[in-house]
Every structure is written in C-alpha cells, then in structure tokens.
Amino acid sequence: MQKKSLWKRIAGLLLLGVMVMSITGCGDSSNEAGKGKEPTKIVFWYAVGGKVGEATKTLVKEFNDMHPDIKVEAVFQGDYDSAINKLKQSIASKSTPNVMQVYDIGTRFMIDSKAVVPVQKWIDKENFDTSSYEKNILAYYTVDNKLYSMPFNTSTPLLYYNKDMFKAAGLDPDNPPKTFEEVAADAQKLTQRDSSGKVTRPGMAMAIYGWFFEQFLAEQNAQYANNGNGRDAMATAVSFNSPQGEKVLNWWADMVKNGSAVNMGRKTEDTMKAFVSGQTAMTIDSTGVLGDIMDGVNGKFEVGTGFMPHPEGSANGGVIIGGASLWMLSGHSDAEEKASWEFIKFMTAPKQQAFWHIKTGYFPVTTAAYDDDELKKYDAKYPQFKIAIEQLHNTPINRSTQGGLLGVFTQARQEIENAIEHVLAGQASSQDALQKAADTVNDAVARYNSSVEK
Amino acid sequence: MYLIPSLSLFIVFIFYPLLKSIKLSIFNSDLVGRETTFAGFSYYSEMLNSSQFLHSLLVTLLFTFYTVVPGILIALFLACMVNSELKGIAIFRTIFAFPLSIAVAGASMIFMMLFNPSSGVFNYFLQLIHLPAVFWLSDAHWALLSVAIISIWRSVGFNTIVLLSGLQAIPEQIYESARIDGAVSWRQFIDITLPLLSPTLFFVCIVSVINALQTFGEINILTQGGPMEATNVIVYSIYREAFFNTNFGYASAESVVLFLLILICTLFEFCFLEKKVFYR
C-alpha cells in the first residue's frame, strides 16, 4: 500500500515538472507569435554585483519604463568568470542571452566563439555617431577595424597615496612619485620601523594582481603577446618574458625584500583595507574603488592620487583600460537584435553614463557625460578622479596601450600571478619565473588556437 | 522496483557524468567543451608527466591528512565530553553541531575576515601576545593549513554528532561491569569505548577522507589555489583547467584520476581498516 502511494507521489511530481516546463515553453512561443502587441523580450546577463549591480538594475528598470515595446530581463551571473562559463554552456545548448556584460580579457574568446554580432553592424546600419566616445576605450574593443562590443564599465589603475604621511615623511604631498625609482625611494622614506629594525608600517602595499603587471608593461610601451599584441593577427606566443617584464618584477621584489613594500597576497581588498586603515602610505588600485576608499578613509587623512609609475626613461606608454563591455549574441530574431541595440545605446548614452559614473566610480565611456551637472558636482567633490581622466587622455593609443588579445588570458594572468609570487618570495629570479610562465601559457595558446581552427 | 528512483538518479547524476568525463578525457574539444577529434591517452600522459599535477596530488594528500586526523580526534574528544548526563548538555551538543548548518561560502567569508592580515581577529590576538603577524592566506607556508582549519571547523560538527550517536549506543551495563572489575576510565576508553565505537569511527573516517579529497569551496573562495600553487588541490586544478583554461580533455583526465584515487582510498580503508572494526 505504502509503496504504491509513494510511487504515485513521485509520478505526480514528475508530471508537475513536465507541466511547468511546457507552460513556460508555451509562454515563449506565444511571445513570438503575438509580436506587435507583446513587447519584445530580451535577456541581459550582467556580472558585477554589489553597488554596481544595483546601478545596473536601476538603469535596466529605467530603460523598461521608457520603452514599453521592449522588455529587458536582467539576470545576474555571479561574476565575470561564471558568466563566461555559463555562456559556454548556453552556446552548446543554443540558448544564449541577447546581451551580455563580458570582461575586457574575454574579448578574444567572444570573437572566437563565433556566437556574437559585432555592434559595428548596427553602428554602420544606423550611421551611429561614436565620436563622443572615449578614443582609448573604443580602441580596446576595436579588433580588425570593427568595434565588436560596446564599452560599458571602464576603469584604469591609479596610484593612491596618503598625503598626511607624505607630509610627515618630509615629502611633497602634491607631487606623487612618477617613476619606479621615485616610488622605491619614497616608499623607503615612508616605511616606519621599530627600534629593532622590524617594519611596523610599510611604505607601499600592492596586491599580486596580473592586471597591474599588464599595466606596467604598457607603461613601458611593451607588448604582452606577439603579432602586435594579438591585434594584427591571432597571437601565437606571449612576449611578457622581456627585459621590461623583468624590470617590473625586479622593482617590486626589491621593495618587498627591503621591507618598504608588503606582500599581502592577491586580493586588492586586503591592500585597500591596509591603505584605508593607515597601515601603509601608498597602494595601487582601480579607479573603480575610489569611492570606497574615500568612504573608508572618511576624512581621517587626505587621499592623493597619481599616475601609474613607469621606469625612468621609458616613453610612449600609458594605461590600458579595464572593465567590461556589452556584447550582442547571435542567433536571435531581427526584432530582438534591434531591441538589444536600443538597449546597448541607452546604457552607454551620456545621461546614463553620468549616473553610472556617480554610482560606481567607473569612467563615463562617452565624453558627453562630462557636461552633466550631477557629474560635475560629483567630480568637484572627488578631485582625485581628475587624475584618472588626465591619465587616460595622456595615454597614446598604440598596440601596447590597446591591451593584449589572448584567448587564454585568464590563464595567462594566473600564471603571471604565480610567477610574481615566486619572485617576491625569493624562490625564482624574474627571468626564470617569467620564462616558466611564458612556456606554460604558450602551450595553452597553441592548444587554444588549434581548437579554434577546427 | 524499489531501486528505480534511486537508480535513475544515480544514472543521471553519477554514471552519465562519469562516462562523459571518461569520454571527454580521450577527445580534444572545442572552446565550449564539445568533443572534436580523438586524442587517445595523450591527456593522461601529459598529466602524468606534468610537475604541476604531481604537485596537486601531493597537496591533495597533505590536505587530506591535515583535515581528517585532527577532524576526527577533536570530534572524538568533544563527543566524549558531551556524552554525559549533565544539566544543559543539550546546549553544548547544539553548539558543537552548529558549524554543520553554515554553508561553505558563508564559513569561508567569515574566516576570510578572521584571517585578514590587517584587520583580522587572529592577527590581533597574535599581536596581544607579542607574536609577529601571520599572512594566513598569502604566505605559502600557511595557506594550506589555514584552509584546513576551516575544513576541520566545518567537519567537526558532523563528526561529533555521528560519534556521539555511536557512543550513546554503547550499553551502560558494559561500563558498569568494567567498573566492578576495577577498570580505570582510560582503560574503559581503550578497551570498551574504542572497540565498540569502531564501526562509527570507520564510517566517519571514510566520509571524512572522501570529503577532504573533494574540498573545493573554501579553496575557490579564499586562495584560488595560490599562493605559489600551495593550495592547488586536484579538484581546484580540474576547475581551473576546464572552466578557465578551456582545457576540457585535461581536466576530464584529472577528474578520472581523482575518481580512481578516491576509489582506491576507500577500498584501502575497507580492506585494511575494516579488519580492525569490531562489529557486535
């Protein structure tokens, strides 16, 4: 008796599941059939949570309110890496979203996935004017003279420093160090030691973050990968195992060795916390956390910002933009593609980008946003951000500062971080560590390229 | 008939993925993980010749040792402590079982704050007793131990509950007759408690080893396999290879090896440890 009823229950549950699935399935098809009346539904995957996620949701809601004929369904995907992994599965099962936020280093993979529509298609179709968009930002996402995706959230790294500590150490608080050599010298002066010589407060804290290494290469106008940083043709090997790469690691390791810089691991949250709580005088971090730093410091000391340092004598370098862009996925109806394009245009329009900048601290991707009154007020409150804009505009556009394109960029970044760890711990020379990382990544590049060709 | 529900679940969630992994491990695959051309055993030979894989294997075994042994010893101690008829002992039992109810992610986030080098509680206490600060997660010597601490903390609750139920199943009369024969308490523990608890201990041991070999959440959240690969256990390596490095074949080969490793460990325990188990 009991056995039977259990069976019935299971069968019932299964039936219920089938019903739910068919109902939702029906919902989709009726949407397609009832075009004209029903709004066009598009799915948007976004990948940054917290206050950035809240701002994203606000913009989506605003768009939906303003466009009764389009319904954007925003789905949070956890983080950039998870989003890309879910995309891989959705490509295999042919259920991709319409629009997706993908991080900078996912660019090569997105192109190679052959599952995307370059936004250039719609720019050409509508003769859309991109002249007000930041040139350096467009340059990153332009491959083979085509703008593949629309820049959305953009940041660069900055040098953050504690002006009060600079004053106390007899340094000019309005003149942050500009070169590796100056940073090293200032860090020494800013380092405090107890009577036994033990460091109680290091002058500098820098997280082991592959992105910083990429920036320091670009500052020296050095490329990360061959074939014009992977932009003239698919990169077949990396080129970060260069004298410029070694210079970065040597500089960093020397500071850690003499105690003027501290190795706190890979998390920028940890170095930021140390800076905010006055346990170090300088740090490198993204422009995106400027607001967090200012809130955390809350007037306890004066925060200064400066350009990313570069070795003395290096020229024509600058910063690479980081962050993410909006991609349009292929395989959807024309109506959906058009709706996606409307959505992408909206998200990167001046008014929205001004709101976005104020809420998140990312750069406005269009210079027209700087005319917005709210934004002017915000930037007057945080003059530190001006340095970031200056740094971006001072950066010449060349293959180095456009940033490398590599299908296995996440792996490359991981290998670089591993190499930095070995060098900082004194377990390998800069040259050997970079060579080992290059060998591993080159194997991966070869495998990646062969799987793309197939 | 009874077996069909569980069997179908097993087939869908265990056997099919297992066979699929084996298949993936002998094929090359494209960017989204679909098989393309036959690769034979090339991924296996690449793996066995890779120093990184051997390192991962070593880290995995070390991690298992670090977590299983203290995890069971602490749980045994706690279980004996709460196996008494004191007033309010239920409160302690609840407290010890508490970590069980916290998800890996939650526990990891809590420990991330405790481990924080500049604002964490652990370093604050070290400072109070004039010891140098420890970079719990960013020092290659400490990272694996730090992650192991979380795993131990998480597993002790479960182990304690299971061991406690084992202890309570031991009839009081046996202890009574032992006391009449003049056995002191540690004698009782060695000669009565341990043998009668051995089936439970055996179970806890097997489950702990399997859990330790499959630990992923803490490592993914706290160290991402670093620093200097010090916490790059096999499960984490599989995750990185498959989902970041688009190296599905290699990752599948690793997962097959991990499966075999768990199988061998479990068989080993059944063959050798079970002989010492005393079933009544």
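Predicted model, so just to flag it, every value in this text is computed and none were measured. (Residues numbered from 1 in each chain as written. Chains lettered and ligands numbered in written order. Predicted model: local features only at pLDDT ≥ 70, side-chain atom pairs only at ≥ 80, totals over all residues.)

Some details on the overall build of chain B
1) Next: The helix and strand inventory of chain B stands at 12 helices and 2 strands.
2) Next: Starting at the N terminus and walking to the C terminus, you meet the elements of chain B as α-β-β-α-α-α-α-α-α-α-α-α-α-α.
3) Next: Overall size of chain B, expressed as C-alpha extent along the three principal axes, is 75 × 60 × 35 Å.
4) Next: Buried residues in chain B amount to 34% of all 280 residues.
5) Next: Sequence separation of at least 24 residues holds for 68% of the intrachain contacts in chain B that already meet a minimum separation of 6. (Helix = DSSP H or I, 4+ residues; strand = E, 2+ residues; numbered from the N terminus. Buried ≥ 20, exposed ≤ 12 C-beta atoms within 10 Å, placed from the backbone. Contact = placed C-beta atoms within 7 Å.)

Description of the overall build of chain A
1) Next: When helices and strands are counted, chain A shows 20 helices and 15 strands.
2) Next: Computed over its C-alpha atoms, the radius of gyration of chain A comes to 25 Å, within 12% of the 22 Å expected for a compact globule of 454 residues.
3) Next: Its C-alpha atoms give chain A principal-axis dimensions of roughly 80 × 55 × 55 Å.
4) Next: Split into buried and exposed, the 454 residues of chain A put 51% on the buried side.
5) Next: Considering only contacts in chain A between residues 6 or more positions apart, those separated by 24 or more positions represent 75%. (Rg over C-alpha atoms; globule rule 2.2 N^0.38 Å.)

Considerations on the interface of chain A and chain B
1) Next: Residue-level contacts link 32 residues of chain A with 26 residues of chain B.
2) Next: Secondary-structure elements contributing two or more residues to the side of chain A that touches chain B are helix H3 (80–92), helix H4 (107–112), helix H12 (268–276), helix H19 (409–424) and helix H20 (430–453) of chain A.
3) Next: Here the side of chain A that touches chain B gets 6 residues from one element, more than from any other, and that element is H19(A).
4) Next: By residue class, the composition of the side of chain A that touches chain B is 11 nonpolar, 11 polar and 10 charged. (Nonpolar A, V, L, I, M, F, W, Y, C, P; charged D, E, K, R; others polar.)

Comments concerning the confidence of the model for chain A
1) Next: Of the residues in chain A, 92% have a pLDDT of 70 or more, and the chain-wide mean is 90.
2) Next: Taken as a whole, residues 21–35 of chain A scores under 50 in pLDDT and shows 3 contacts with residues more than four places along the chain or in a different chain. (pLDDT = per-residue confidence, 0-100.)

Points about the sheet that holds strand S8 (residues 157–162) of chain A
All names here are of chain A.
1) Next: Pairing is mixed across the open sheet formed by 5 strands, whose spatial order is S12-S11-S13-S8-S14. The outermost strands of the open sheet, each flanked by one partner alone, are strand S12 (261–262) and strand S14 (303–306).
2) Next: Helix-sheet contacts for helix H17 (residues 384–393) involve S8 and S14, and the interaxial angle to S14 is about 5°. (Pairing = 2+ DSSP bridges. Axes fitted to C-alpha atoms, helices over the stretch in contact; angles between N-to-C directions.)

Points about the pairing of S14(A)
Residues and elements named next belong to chain A.
1) Next: The side-chain alternation of S14 yields two buried faces, one formed by Val303 and Thr305 and the other by Gly304 and Gly306.
2) Next: With 4 bridges joining them, S8 and S14 adopt antiparallel strand pairing. Bridge pairing links Leu159 to Gly306 in S14.

Re the packing of helix H9 (residues 185–213) of chain B against helix H12 (residues 248–273) of chain B
Residues and elements named next belong to chain B.
1) Next: Running from amino to carboxyl end, H9 crosses H12 at an angle of 165°, the nearest separation of the two axes being 10 Å. Judged on the interaxial angle alone, H12 and H9 are roughly antiparallel. The two elements H9 and H12 cross, and the hand of that crossing is right-handed. On the side of H9, the interface is formed by Phe202, Cys205, Ile206, Val209, Ile210 and Leu213, while H12 contributes Leu261, Ile262, Cys265, Thr266, Glu269 and Leu273.
2) Next: Partitioned by chemical class, the residues of the contact of H9 with H12 number 10 nonpolar, 1 polar and 1 charged. (Parallel < 35°, antiparallel > 145°, perpendicular 65-115°, else oblique. Left-handed = near helix turned anticlockwise from the far one by under 90°.)

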